[in-house]
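Coordinates in review
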Amino acid sequence: MDLLFVSVLLFVACIVISILGAILLFFVQNRKIQNVIFFALACWAFFISYVNAISIPMVYMGQQMLAWTLGFVSAFSLLIRYAGKTEKRYIISNILVTISIVSSALVVFLFMR
């Protein structure tokens, strides 16, 4: 298979997983299942950021820093989620991990080589 086809296929799979996870995160009512989805999405967002950061050449330091920053937003959402158990913190952490996933996927799409 062509390398371009495989990379596009992987990108589409990444986007589908991200969108489905974000939708499930906001529509599942069971708190235990929502916590599992949240943790998986936070790890997924950090993984996307990691892959993006290591795939960018060293001369593009600003883009690398952007990728790492988006990964640390997901780590920060984990801290917010588990620092306190109030409903407001759950909502804020869900929004932060969703922002991290969407923006990381956009960065991958915009800076894909």
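In what follows, the structure referred to is the one given above.
What you see is a predicted model; the values in this text were computed from it and never measured.

Summed over all chains, the structure comprises six aromatic pairs. With centroids separated by 6.5 Å and ring planes inclined at 65 degrees, the aromatic side chains of Phe38 and Tyr82 adopt a geometry described as edge-to-face. Here Phe38 is found in helix α2 (residues 31-55), whereas its partner Tyr82 is found in helix α3 (residues 61-83), with 44 residues between them in sequence. Taking the relative accessible area as the measure of exposure, Tyr82 reaches 39% and is therefore partly exposed.

Counted under the stated rule, the structure contains one salt bridge. Note that Glu87 is salt-bridged to Arg31, the shortest N-O span being 2.7 Å. Of this pair, Glu87 sits in helix α4 (residues 87-110) while Arg31 is found in helix α2, placing the two residues 56 residues apart along the sequence. You can call Arg31 partly exposed: its relative accessible area is 27%.

To continue, consider the nonpolar core. Core analysis: the largest hydrophobic core is formed by nine residues, namely Leu25, Val28, Ile37, Phe38, Leu41, Ala42, Ala45, Val97 and Ile101. Of all the elements in the fold, those that place two or more residues in this core are α2 and α4. Per-element accounting of this core gives the leading share, five residues, to α2. Once residues lying within four places of it in the same chain are set aside, the contact partners of Leu41 are Gly21, Ala22, Leu25, Val97 and Ile101.

Cut-offs applied
- Residues numbered from 1 in each chain as written.
- Predicted model: local features only at pLDDT ≥ 70, side-chain atom pairs only at ≥ 80, totals over all residues.
- Heavy atoms only, no water.
- Phe/Tyr/Trp six-rings, centres within 6.5 Å; stacked < 30°, edge-to-face > 60°.
- Helix = DSSP H or I, 4+ residues; strand = E, 2+ residues; numbered from the N terminus.
- Buried < 20%, exposed > 50% of the residue type's maximum accessible area, 1.4 Å probe, protein only.
- Salt bridge = Lys/Arg side-chain N within 4 Å of Asp/Glu carboxyl O.
- Core = buried A, V, L, I, M, F, W, Y, C linked by side-chain atoms within 4.5 Å.
- Contact = heavy atoms within 4.5 Å.

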